[in-house]
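A structural walkthrough
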Amino acid sequence: MFGTYIRKPPVVLSFLLLFNFLILSVQIRSEKGQTLLAQAGLALITPVVYVEHLIFDTTSSLVRKYIFLLAQDRENKRLIDENVRLKTELHQLRAVKKLAEREYLSAITGPMLFSCKPASVIHRNIRFFTSTLIVNQGTMDGVAINQPVLSGDGLVGRVIAANLFAAEVELLTDPLAAAGAMPENSRLQCVVRGADSNLLNLDFVSLSNPVSIGEMVYTSGTDGIYPKELPIGKIVSITEGSVYQNIKVEPAVDFSRLEEVLIITGEQ
Amino acid sequence: MNRQAVNPGSTNLFSRISILALLLVLSMVLDFLQSRFLPLYLNLDWTLIFVFYIGWSTNPIKGSIAGTVFGIAQDFLLGVMLGLNGVIKTVIGYFSSYLSTILNPDLAGLMRFLLIALISFFNNLVLYRSQQVLTDVYGAVPVLTVLSGAVLTGIAGDLLFRLLDRLQSNPKQFFS
């Protein structure tokens, strides 16, 4: 009798919906970071994205390396030159830092240099209600939750989940992402927020504060996650709201083409 | 002895489960490849199409179970809250079965496209709003992305229905 009762479609539907709601209810993200389910999800998907990375990226990398050897050779020479130039600049910067420390200015220059971990993007998950990446560096390499992620062009986002071998990075364009920001000229403290599109929202800029189209926006360092003065993007549109201006910012980073990123694992 | 001979008219359990597992893997692979190669506004929902097909071809119980399994697998893949797609795909799997009894099961191409596009449109809207409510982060709905995703899902759904129908001449009998 019970058997026939539980085979009724509405009963099955109720059970299944209850099951889904139950697993939804235990997933509200805590202040500290990820939930157990998010961690399990990342653990399950890591081998899959590694295989995907192996198939697509390694194959295309092999093709690039071995078929287009001439182009690679030119690129290598250019990179070697650039490396030499960057090393020279680094030496100069270290000399400037030492000088500044001697001049008791280390408090200002100290946080400008970070120890970074390079990582390759092994999976992109950019949809209309979520924007994340998975990179091939995990806790084994010193990656932890809330560490900022950069590319050569600017700020990418932060680590929201990590296991031994991989980490999930929440992009700035994710609707849940936000960062303390300031426009280049006005230095006004405001917040940049993901807007589920290719553009970001710059919030809390009052009507009386002048900002202009084309002005760069940098991190303000007030959120406690992102260091100060990292480029976020440039202002592309401004419209007047009732209290604040509605400002759109075009990210400095082209998230759809990201291949390599840097994870800031600590200060040097 | 040939199992088909013992129970003619229905396919054996192993092959039915294999086909369902294959559909699940196929929908995940298509979703995976899509997030890698297609831009944001081409938001094709393969899982919805497969769940709708299973629900349409079988009964409400099988449709809703397939919806839960496929939906949760999609949530894992997308990295969104587990159960978000699970809930909506369960409902889609359940009601698509009823729809097939109300509407003509051999729906014409245009009607099938419109039906899948409409379901995809509401699926995207509900997903988006649910995500906002659960995370307490609100913003404007990206209507163009939702619309383009619905249209593309409708087109892909119609094409896939034709293909799957060709592979399996009597789905009702196959999944039952």
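Residues numbered from 1 in each chain as written. Chains lettered and ligands numbered in written order. Predicted model: local features only at pLDDT ≥ 70, side-chain atom pairs only at ≥ 80, totals over all residues.

1. Quick word on the overall build of chain A
The condition that has to hold: Runs of E in the DSSP output that reach at least two residues are strands. Runs of H or I that reach at least four are helices, and both are numbered from the N terminus. Note on contacts: residues are paired as contacts if their backbone-placed C-beta atoms lie within 7 Å.
Helix and strand counts for chain A come out as five helices and 12 strands. Relative to all contacts within chain A whose residues are 6 or more apart in sequence, the contacts with residues 24 or more apart total 56%.

2. Looking at the environment of E52 of chain A
Relative to the helices and strands, E52 of chain A is located in helix α3 (residues 36–67). With 70 residues separating them along the chain, E52 of chain A and I122 of chain A place their C-alpha atoms 7.6 Å apart. Here E52 of chain A is in contact with H123 of chain A together with F32 of chain B, once residues within four sequence places are set aside.

3. Re the nonpolar core
Heads up, the rule is: In this usage, the nonpolar core is the set of buried Ala, Val, Leu, Ile, Met, Phe, Trp, Tyr and Cys residues whose C-beta atoms join them within 7 Å. Put simply, a residue is buried when 20 or more other C-beta atoms lie within 10 Å of its own C-beta and exposed when 12 or fewer do; between those, it is partly exposed, and each C-beta is set from the backbone.
Of all hydrophobic cores here, the largest spans 85 residues; its most connected members are V135, V156, A181, L202, I232 and V261 of chain A together with F52 of chain B. Excluding residues within four positions of it along the chain, I232 of chain A makes contact with G154, L155, L172, A179, A181, V192, V217, Y218, T219, V249, P251 and A252 of chain A.

4. Describing the sheet that holds strand β8 (residues 200–203) of chain A
Residue and element names in this part refer to chain A. The criterion, for reference: Strand pairing follows a simple DSSP-based rule, namely that at least 2 bridges must link the two strands. Here an angle of 0 to 180 degrees is reported between the N-to-C directions of two axes, which are lines fitted to C-alpha atoms, with helices fitted over the stretch in contact.
Reading around the barrel, the six strands line up as β6-β7-β8-β11-β10-β9 and close back on themselves, with antiparallel pairing between neighbours. Direction aside, the axes of adjacent strands within the sheet are offset by 40° on average. In this sheet, strand β10 (residues 231–240) lies alongside strand β9 (residues 216–219) in antiparallel orientation, the contact comprising three bridges. What sits directly across from Y218, in β10, is P231.

5. Notes on the interface of chain B and chain A
Rule in force here: Side-chain classes follow a simple rule in which Ala, Val, Leu, Ile, Met, Phe, Trp, Tyr, Cys and Pro form the nonpolar group, Asp, Glu, Lys and Arg form the charged group, and the remainder, Gly included, forms the polar group.
Facing the 33 residues of chain B at the interface are 33 residues of chain A. Secondary-structure elements contributing two or more residues to the side of chain B that touches chain A are α2 (13–37), α4 (60–78), α5 (84–102) and α6 (109–135) of chain B. By residue number, the principal contributor to the side of chain B that touches chain A is α4 of chain B, which donates eight residues. Split by residue class, the side of chain B that touches chain A holds 20 nonpolar, 12 polar and one charged.

6. Focus: the pairing of β8 of chain A
Residue and element names in this part refer to chain A. Only one face of β8 is covered, namely the face carrying L200 and L202; the face carrying N201 and D203 is uncovered. Note that strand β7 (residues 190–194) and β8 share four bridges and pair antiparallel. Pairing of V192 across the sheet is with L202, part of β8. Relative to strand β11 (residues 245–251), β8 is paired through three bridges, and the arrangement is antiparallel. Each bridged residue has a counterpart across the sheet, and for N201 the counterpart in β11 is K248.

7. Some remarks on the environment of L188 of chain A
All names here are of chain A. On the secondary structure map, L188 appears in the loop between β6 (178–183) and β7. Overall, L188 belongs to the partly exposed group, with 16 C-beta atoms counted inside 10 Å. Measuring from C-alpha to C-alpha, the distance between L188 and N209 comes to 8.1 Å, with 21 residues separating the pair along the chain.

8. Side note on the pairing of strand β5 (residues 167–171) of chain A
Along any regular strand the residues' side chains alternate between the sheet's two faces. All names here are of chain A. By the criterion of burial, β5 is predominantly enclosed, with five of the five residues buried. Residue alternation in β5 divides its side chains into two sets, A167, V169 and L171 and E168 and E170, and both sets are buried. Pairing between strand β2 (residues 131–135) and β5: four bridges, direction antiparallel. Its bridge partner lying in β5, V135 is registered against A167. Remark: four residues form the turn of the hairpin made by strand β4 (residues 155–162) and β5, two consecutive strands paired antiparallel.

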